[in-house]
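The residues making up each chain are set out below.
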Amino acid sequence: MDHRFDAATDELSAAEEAHLQRLTAAEAEGDERVVEAALRPRSLDEVIGQSRVRDQLGLVLEAARQRERAPDHVLLSGPPGLGKTTLAMIIASEMSTPLRLTSGPAITHAGDLAAILSGLNEGDVLFVDEIHRMSRPAEEMLYVAMEDFRVDVVIGKGPGATAIPLEIPPFTLVGATTRAGLLPGPLRDRFGFTAHLEFYEPHELDRIVRRSAGLLDVELTDTGSTEIASRSRGTPRIANRLLRRVRDFAQVRADGVVTLDVAHQALDLYEVDQSGLDRLDRAVLDVLCRRFGGGPVGVSTLAVAVGEERETVEEVAEPFLVRSGLLARTPRGRVATRAAWEHLGMAPPQGVTADQSLFEE
Ligand SMILES: Nc1ncnc2c1ncn2[C@@H]1O[C@H](COP(=O)(O)OP(=O)(O)OP(=O)(O)O)[C@@H](O)[C@H]1O
Ligand SMILES: [Mg+2]
């Protein structure tokens, strides 16, 4: 099954380009979606981690099955690579119904959406990926469809135009978004259940790596697996990608088995360090500490010093550094935390506290 769709092709900025070329990018790259399809859990029981979401969603689906009705509309929100598409597919398969797939950017006119909605059968699951990128008129059509299971088809143009209401069978909308904050309130309110996906714990990623290794027929030791998991930034997509790169290394430079040592060597070669930082992340920290004494320093200065564009530093490196508690964004500029100094194996200067970010912000 090919689950790709025709997303509008957007021009990529330099920062986006730089980001997508990284081994540690959370977004899927090129052919990756094809590889990923083989690794997706197929049922809720197979899903690793996200236990709260799994329990809640399991209940929603079970209740709907008992009532023999389509479940409430579901919104899946969270950063890339955590399992939104996976869960959407599971919802359809748990309900034993087909999944119709589209995305916000693919729906450029309300008419595109009208065509999709009017083609639905009772109980179908309609998955709208990147739902925050839908056009306003399409959004408004979707409100009505979600609430009243009706589409108003407009015939004609100008003052003579008339809207013909068309009933559509009860369906379940599953929306996915990495930017829940961008969804207009009325749209968010029409979802009966919202699942927020969280970053994964290392022990959960460890189970994911071992499961994927099994599916890919990769021989892997326990410590090899924990090593990959600990460098995966809390993100299953990255864990699976690192596993594939380490597998290459094991095959070409070792005897095919992913041991701790092999994982170590491979990830060092690919420049993903023990905390999941890559070359750019480390360059930013390095310059911040060594050249600017830990800051505060303006982001533009920092960018020049690492030889990157400001956007690349801001959008590509900083989010993970901030999330990892290594860098703080303050009104006076960027500041290295105590953990950053320690990460670089250097003694923090006097006065740098563990959580500088708390009172600098
Ligand atoms: N809970 C999980 N258990 C095992 N594997 C998972 C889990 N969640 C995600 N994965 C794996 O991670 C990969 C990425 O997941 P998925 O495509 O669902 O992410 P996404 O949230 O839809 O990302 P995006 O925002 O980029 O669309 C898939 O190959 C899937 O196999
Ligand atoms: Mg997805």
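Worth saying up front: this structure is predicted, and the values here are computed from it rather than measured. (Residues numbered from 1 in each chain as written. Chains lettered and ligands numbered in written order. Predicted model: local features only at pLDDT ≥ 70, side-chain atom pairs only at ≥ 80, totals over all residues.)

Novice: Hey, could you run me through the overall build of the protein chain in this one?
Specialist: Regarding its fold elements, the protein chain presents 16 helices and nine strands. Expressed as lengths along the three principal axes of its C-alpha atoms, the size of the protein chain is roughly 70 × 50 × 35 Å. Looking at the protein chain residue by residue over its 361 residues, the buried ones come to 37%. For the protein chain, contacts bridging at least 24 residues in sequence account for 70% of all contacts bridging at least 6. (Helix = DSSP H or I, 4+ residues; strand = E, 2+ residues; numbered from the N terminus. Buried ≥ 20, exposed ≤ 12 C-beta atoms within 10 Å, placed from the backbone. Contact = placed C-beta atoms within 7 Å.)

Novice: Is there a simple way to think about the pairing of strand β3 (residues 125-129) in this case?
Specialist: Along β3, five of the five residues are buried, which leaves the element largely enclosed by surrounding structure. Of the pairings in the sheet, the one linking strand β2 (residues 99-103) to β3 comprises five bridges and is parallel in character. Bridge pairing in β3 links Leu99 to Val125. Between the parallel elements β2 and β3, the chain passes through helix α5 (residues 110-118) in a crossover that is right-handed. (Pairing = 2+ DSSP bridges. Right-handed = clockwise from strand over helix to strand, strands pointing away.)

Novice: Sorry if this is basic, but what is going on with the confidence of the model for the protein chain here?
Specialist: On average, residues of the protein chain score 91 in pLDDT, and 94% of them reach the 70 mark or higher. Across residues 1-9, where pLDDT falls below 50, the model places 14 contacts with residues more than four positions away in sequence or in other chains. Below pLDDT 50 for its whole length, residues 356-361 participates in nine contacts with residues either more than four positions away or in separate chains. (pLDDT = per-residue confidence, 0-100.)

Novice: Would you take a moment to explain the sheet that holds strand β1 (residues 74-77) for this structure?
Specialist: Hydrogen bonding along the main chain pairs the strands of a sheet, whether they run parallel or antiparallel. The sheet built from five strands is open, its strands ordered β2-β3-β6-β1-β7 with parallel pairing. Two strands bound the open sheet, and with one partner strand each, they are β2 and β7 (193-196). Ignoring which end each strand starts from, the neighbouring axes of this sheet average 15 degrees apart. Here four bridges tie β3 to strand β6 (residues 172-177), and the two strands are oriented parallel to one another. Bridge pairing in β6 links Val128 to Gly175. (Axes fitted to C-alpha atoms, helices over the stretch in contact; angles between N-to-C directions.)

Novice: Looking at this model, I keep getting lost on unusual backbone geometry. Mind explaining?
Specialist: Outside of glycine, negative phi angles account for most residues, and trans bonds account for most peptide bonds. Between Gly295 and Pro296 the backbone carries a cis peptide bond, its omega angle lying at 5 degrees. Note on placement: Pro296 falls in the loop between α12 (279-291) and α13 (299-306). For Glu68, which is not glycine, the phi dihedral falls at a positive 55 degrees. Among the structural elements, Glu68 can be located in the loop between α3 (51-67) and β1. The backbone of Arg233 sits at a positive phi, close to 55 degrees, despite the residue not being glycine. Relative to the assigned elements, Arg233 resides in the loop between α9 (222-230) and α10 (236-253).

Novice: Would you take a moment to explain the packing of α9 against helix α11 (residues 260-269) for this structure?
Specialist: A packed helix pair is summarised by two numbers, namely the angle formed by the two axes and the spacing between the axes. Two numbers describe how α9 lies on α11: the axes approach to 7 Å, and their chain directions differ by 30 degrees. With respect to each other, α9 and α11 are oriented roughly parallel. Residues Thr223, Gly224, Glu227 and Ile228 of α9 pack against Leu260, Val262, Ala263 and His264 of α11. Grouping the amino acids of the contact of α9 with α11 by side-chain chemistry returns four nonpolar, three polar and one charged. (Parallel < 35°, antiparallel > 145°, perpendicular 65-115°, else oblique. Nonpolar A, V, L, I, M, F, W, Y, C, P; charged D, E, K, R; others polar.)

Novice: I would appreciate a short explanation of the UniProt feature "binding site: Mg(2+)" (unreviewed entry) in the protein chain in the present structure.
Specialist: Cross-referencing UniProt, the feature "binding site: Mg(2+)" (unreviewed entry) maps to Thr85 in the present numbering. In this fold, Thr85 is placed in helix α4 (residues 84-94). Take Thr85: there are 22 C-beta atoms within 10 Å of it, and that puts it in the buried class. Excluding anything up to four places from it in sequence, Thr85 contacts Asp129 and Ala176. (UniProt positions renumbered as here; feature names shortened; annotations may be inferred.)

Novice: Whenever I open this one, the UniProt feature "domain: AAA+ ATPase" (unreviewed entry) in the protein chain confuses me. Can you help?
Specialist: The feature "domain: AAA+ ATPase" (unreviewed entry), as annotated in UniProt, sits at residues 70-201 in this numbering. Secondary structure across residues 70-201 comprises 29% helix and 27% strand; the distance between its end C-alpha atoms is 33 Å.

Novice: Would you mind going over the environment of Ile155 with me for this structure?
Specialist: Within the element layout of this structure, Ile155 appears in strand β4 (residues 150-155). Judged by the 9 C-beta atoms lying within 10 Å of it, Ile155 is exposed. What Ile155 contacts, discounting residues up to four positions off in sequence, is Ala161, Thr162 and Ile164.

Novice: Honestly, the site of ligand 1 in this entry has me stumped. Any pointers?
Specialist: Taken together, 22 residues are adjacent to ligand 1, and Glu36, Gly83, Lys84, Thr85 and Thr86 come closest. Elements that contribute at least two residues to the shell around ligand 1 include exactly α2 (32-39), α4 and α10. Counting residues domain by domain, the shell around ligand 1 receives three or more from each of domain 1 (44-196) and domain 2 (202-270). (Near = placed C-beta within 6 Å. Domains from an automatic or database assignment.)

Novice: Sorry, what's going on with the domain arrangement of the protein chain here?
Specialist: Buried accessible area, meaning the area lost when the parts come together, often serves as the stated size of an interface. Assigned domains of the protein chain: these are domain 1 (44-196), domain 2 (202-270) and domain 3 (279-344). Here the C-alpha centroids of domain 2 and domain 3 sit 28 Å apart.

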